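Here is how the chains run, residue by residue.
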Amino acid sequence: MQRRQFLQALAGTAVLPSFTPVTAFAAERVPLTYGLPAGAYGDAQMASLPGKRPLIEWTARPPNYEAPMAAFATPVTPNDLFFVRYHLAGIPPQIDRQQWRIAVTGDSIATPLQLSFQDLQRDYEQVDVTAVLQCSGSRRGLSDPHVPGVQWGLGAMGNAVWRGPRVKDILAKAGLKPGAVEVVVNGADGPVLTTTPDFVKSIPIAKALDENTIVALQMNGAALPHFNGYPARLIMPGWTGTYWMKHLISMEPVSKPFDGFWMRAAYRIPTGMFPTVQIFQTQENAMTTPITEMVVNSLITSPAEGAHFRVGEPVTVTGFAWDGGYGIRSVIVSTDNGASWREATLGNDLGRYAFRPWTYQFTPQAAGNQQILASAANRLGETQVRTLIFNGAGYHNNVVRPTTIVIA
Ligand SMILES: Nc1nc2c(c(=O)[nH]1)N[C@H]1C(S)=C(S)[C@@H](COP(=O)(O)O)O[C@H]1N2
Ligand SMILES: [Mo]
């Protein structure tokens, strides 16, 4: 058996029929609220995958579905509104949790393990981590100039309470050897055409051993939705979504840097372009470095774009801020196109990897279009940018952007 077939057999998913999503609301158009380049939203519609409420459908095969603004009414994103991102269309239509295993192998493991869901639940301490999962390319659709790729607006992200065993505890049980530099991770999905490289990633050993890096068996107190990685996925708090392997079927600590397509050729940024503390050293080359931590960012969740208010009527602005895990220090708001800024009030701290809610009140004095700008800073002093740091993949877009309301 080839390695992939073997792993799929382990996962109980030896056949990979292509998956056809259920498009329930084909006629419903998405309002053009984000100021995407003309035409970008032309083909987007609301559609629901099994187990999900309607999401913004960018591509059905592979499934790429963005969370609508309704997903951000609360700091913890509901499972059935959580966004979905896949690279390859060979997604098992369902996974039998009884049959499914994670294989812990690799040249830096003394005792290879095959762990069932029950093993992972019973034999290890279960840890809760509240963390934002955001795609590297969230807001790519806002890039100016325009770049190719899924034209994500604001909703290629969500915040959830993830629960499961620590990766470090699993690796300890498997007899992790000192020479390990990376852990290679794979999921049960794969390419439909064998010419497309399977989606396999590696993570630096230091991040694997971080006490907040877990294998999630639960999301917000429930089983993971199928399209968010059922029955188990990797949680890499603070780092962009690409490493958060879904339908996890193998973890392989290795003594040499992993040379896979999805490390070598994708999810890389020009070295030094963005502020980064945690660098993936063993995967760096002369020009580029793997994307790692999220950059500090914020979202205005209310009022909605285009909402109407009266002159003299107080407006309550709410939103979230998040970063790569250093913690939000402040959010500032401007209602005069950036001429002056005032501090928003930060809400409940759900942990340093979570959405941090904030609120701000002001009273518009004049009729017309009113812009609201919000900008977050983290405890390292990093801030959102006013001008896009352009890169061809459209990663790390944290430009301060307006919500415009109408005052009458
Ligand atoms: N197995 C598997 N895991 C994966 C991916 C994938 O294509 N296959 N995509 C990654 C990327 S790029 C992102 S942004 C997140 C998206 O997670 P979600 O679909 O639960 O929102 O999953 C990551 N894990
Ligand atoms: Mo992603």
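Caption draft 1: Local environment of unusual backbone geometry. The omega torsion across R61 and P62 is -5°, close enough to zero to call that bond cis. Position of P62 among the secondary structure elements: in the loop between strand 2 (55-59) and strand 3 (64-66). The omega angle of the peptide bond from S302 to P303 is 5°, so this bond is cis rather than trans. Within the secondary structure, P303 sits in the loop between strand 18 (297-302) and strand 19 (308-309). For N220, which is not glycine, the phi torsion reads 55° and is therefore positive. Along the polypeptide, N220 turns up in the loop between strand 12 (218-219) and strand 13 (222-223). Backbone geometry at H396 places phi at a positive 60°, although glycine is not the residue there. Summarising the element assignment, H396 is placed in the loop between strand 25 (368-378) and strand 26 (402-407).

Caption draft 2: Spotlight on the sheet that holds strand 21 (residues 328-334). Taken in spatial order, the five strands of this open sheet run 19-26-25-21-22, and their pairing is mixed. Looking at which strands have only one partner, the edges of the open sheet turn out to be strand 19 and strand 22 (342-343). Where strand 21 lies against strand 22, two bridges are found, and the strand directions are antiparallel. By the bridge assignment for strand 22, I332 is matched with E343.

Caption draft 3: Structural context of the side chain of R233. Residue placement: R233 occurs in strand 14 (residues 233-235). It is D189 that comes nearest to the buried, bridge-free R233 among opposite-charge side chains, at 9.5 Å. Here the side chain of R233 touches N228 through a polar contact of 3.1 Å, landing on its backbone oxygen. In this structure the side chain of R233 is engaged in a polar contact, spanning 3.0 Å, whose partner is the backbone oxygen of W244. Ignoring sequence-local partners within four residues, the contact set of R233 consists of L133, W162, I214, V215, A216, L224, N228, W244, M245, K246 and L248.

Caption draft 4: Structural context of the pairing of strand 24 (residues 356-362). The element strand 24 is largely enclosed, with a buried count of five among its seven residues. Taken together, the seven bridges between strand 20 (residues 315-322) and strand 24 define a ladder with antiparallel strand orientation. Each residue of the ladder has a partner; that of T318, found in strand 24, is T359. Two elements, strand 23 (residues 345-346) and strand 24, share two bridges in a ladder whose sense is antiparallel. When the sheet's bridge partners are listed, T345 is paired in strand 24 with T359.

Caption draft 5: Examining the sheet that holds strand 9 (residues 182-187) more closely. Read from one edge to the other, the open sheet built from five strands follows the order 6-5-15-9-10, with strand pairing classed as mixed. One side of each edge strand has no neighbouring strand; the edge strands of this open sheet are strand 6 (113-116) and strand 10 (200-204). Along the sheet, successive strands turn relative to each other by an average axial angle of 20°, direction set aside. In the sheet, strand 5 (residues 101-104) pairs with strand 6 via four bridges, with the strands oriented antiparallel.

Caption draft 6: Seen up close, the layout of surface pockets. Empty space within the second largest pocket amounts to approximately 150 Å³. Along its surface, the second largest pocket is lined by V181, P204, I205, A206, K207, W239, Q278, I279, F280, Q281 and T282. Take the lining of the second largest pocket: its biggest share by element is three residues, from helix 4 (residues 205-208).

Caption draft 7: Fine view of the site of ligand 1. By nearness alone, 18 residues border ligand 1, and F83, D189, N228, R233 and K246 come closest of all. Here an oxygen atom of ligand 1 and a side-chain polar atom of H87 are 2.8 Å apart. A distance of 2.6 Å separates an oxygen atom of ligand 1 from a polar atom in the side chain of R233. Alone, ligand 1 offers 540 Å² of accessible surface; in the complex the protein occludes 100% of this. With respect to the pocket detection grid, ligand 1 is positioned in the largest cavity. Broken down by class, the residue content of the shell around ligand 1 amounts to ten nonpolar, four polar and four charged.

About the thresholds
Residues numbered from 1 in each chain as written. Chains lettered and ligands numbered in written order. Predicted model: local features only at pLDDT ≥ 70, side-chain atom pairs only at ≥ 80, totals over all residues. Heavy atoms only, no water. Helix = DSSP H or I, 4+ residues; strand = E, 2+ residues; numbered from the N terminus. Pairing = 2+ DSSP bridges. Buried < 20%, exposed > 50% of the residue type's maximum accessible area, 1.4 Å probe, protein only. Lys, Arg positive; Asp, Glu negative; His and termini not counted. Salt bridge = Lys/Arg side-chain N within 4 Å of Asp/Glu carboxyl O. Polar contact = N/O pair within 3.5 Å; in protein donor to acceptor, adjacent residues only side chain to side chain. Contact = heavy atoms within 4.5 Å. Axes fitted to C-alpha atoms, helices over the stretch in contact; angles between N-to-C directions. 1 Å grid on protein atoms, 1.4 Å probe; cavity = no way out; pocket = protein on both sides within 12 Å on 5 of 7 lines; lining within 4 Å. Points joined across faces, edges and corners; volume = space filled by probe spheres on them. Near = heavy atom within 4 Å. Areas by Shrake-Rupley, 256 points an atom, 1.4 Å probe, with all protein chains shown as cover. Sits in = over half its atoms within 2 Å of the grid points. Nonpolar A, V, L, I, M, F, W, Y, C, P; charged D, E, K, R; others polar.

Keep in mind these numbers describe shape, not what the thing actually does.
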